[in-house]
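Each chain, written out:
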Amino acid sequence: GFIDLKDDISITVKNSGLNQTIIKEFFDSYLQTGSMVMRIVSQSENPADTSSEVIEFLNSDLKVFYSENQGNAASRDFTVIFFYSLIGMACFYGAFTGIKEVGAIQANNSTEAVRLNVSPVKKLYTFLASAGAASLVQISSILILLVYLRFILNIGFGDNMPFVIILCVAGSICGVSYGTMIASLLTVKEGVLTAIVIGTTMTFSFLAGMMQPPVKYMVTQAFPA
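Below is a short write-up of the structure. Nothing here was measured: the structure is a model prediction, and the numbers come from that model.

Quick look at the packing of aromatic side chains
Point 1. One pass over the full model with this rule turns up seven aromatic pairs.
Point 2. Measuring from centroid to centroid gives 5.3 Å for Phe 26 and Phe 27, while their planes differ by 85 degrees, and the two rings are edge-to-face.
Point 3. Its relative accessible area of 52% is what places Phe 26 among the exposed residues.
Point 4. The class for Phe 27 is buried, based on a relative accessible area of 16%.
Point 5. Taking 6.1 Å as the distance between ring centres and 70 degrees as the angle between the ring planes, the aromatic pair formed by Phe 27 and Tyr 30 counts as edge-to-face. Note that Phe 27 and Tyr 30 are positioned in helix α1 (residues 18-43) at a spacing of three residues, about one turn of the helix.
Point 6. Among the aromatic residues, those joined into a ring-pair cluster are Phe 26, Phe 27 and Tyr 30.

What follows is the structure in structure tokens.
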């Protein structure tokens, strides 16, 4: 929002929300405090001697609107961005396994797929079982990578390792799902699908700051979603 101070204070906002409410509450408090100070001065027999009274009034209503957070070394270390984006790239490389799992149940790809299609097991169940196994393998690989980065290379990921592990699990499942989606939507050779995965994954990694950390913040500012 923006504030017009020409005459009376007026506030203009695009829509309602928390930030807009904060602006309004701040200036409501400002106007009330200013009005009270003017009343104290106007009712005083000697306005020049009211400074201590005004200061006492202002201090009585003093509020702290901030809190200090020291953070940790990881939150101040730009190099961690490289490794977060590296983990993200490794998670998305699970797409290669997803591509193979979809190809393994398409009868026009291999004799193994032909046998799977003529078996009494539903194709969906076969796919879910193979995709689940692929996700477990991918999760295991990413956790090994995480252990290597944390305990061999001594990369500090902060104090929230459980959340990092959860993120790795979710990223691995997303990576395998990404591959199955591409392979299901596009009826092209596996080599073309692989090229698409590499191209898109490297683009995502660049936007996440793997090449230059400032790119991550530029993307966040320009396209928060």
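Here's the deal with the state of the cysteines
Point 1. Within this structure, the stated rule accounts for zero disulfides.
Point 2. There is no disulfide at Cys 91, and the cysteine sulfur nearest it, in Cys 168, is 5.3 Å away.
Point 3. The buried category is assigned to Cys 91, whose relative accessible area is 4%.
Point 4. Cysteine Cys 174 shares no disulfide, and the gap to the nearest cysteine sulfur, in Cys 91, comes to 8.5 Å.
Point 5. Using a relative accessible area of 46% as the deciding quantity, one classes Cys 174 as partly exposed.

Remarks on the pattern of salt bridges
Point 1. Considering all chains together, one arrives at two salt bridges under this definition.
Point 2. A salt bridge links Lys 100 to Glu 190; the shortest N-O distance between them is 2.9 Å. With Lys 100 in helix α4 (residues 95-103) and Glu 190 in helix α8 (residues 190-207), the pair connects residues that are 90 residues apart, well separated along the chain.
Point 3. According to the relative accessible area criterion, Glu 190 is partly exposed, its value standing at 40%.

Definitions and cut-offs
Residues numbered from 1 in each chain as written. Predicted model: local features only at pLDDT ≥ 70, side-chain atom pairs only at ≥ 80, totals over all residues. Heavy atoms only, no water. Phe/Tyr/Trp six-rings, centres within 6.5 Å; stacked < 30°, edge-to-face > 60°. Buried < 20%, exposed > 50% of the residue type's maximum accessible area, 1.4 Å probe, protein only. Helix = DSSP H or I, 4+ residues; strand = E, 2+ residues; numbered from the N terminus. Disulfide = S-S within 2.5 Å. Salt bridge = Lys/Arg side-chain N within 4 Å of Asp/Glu carboxyl O.

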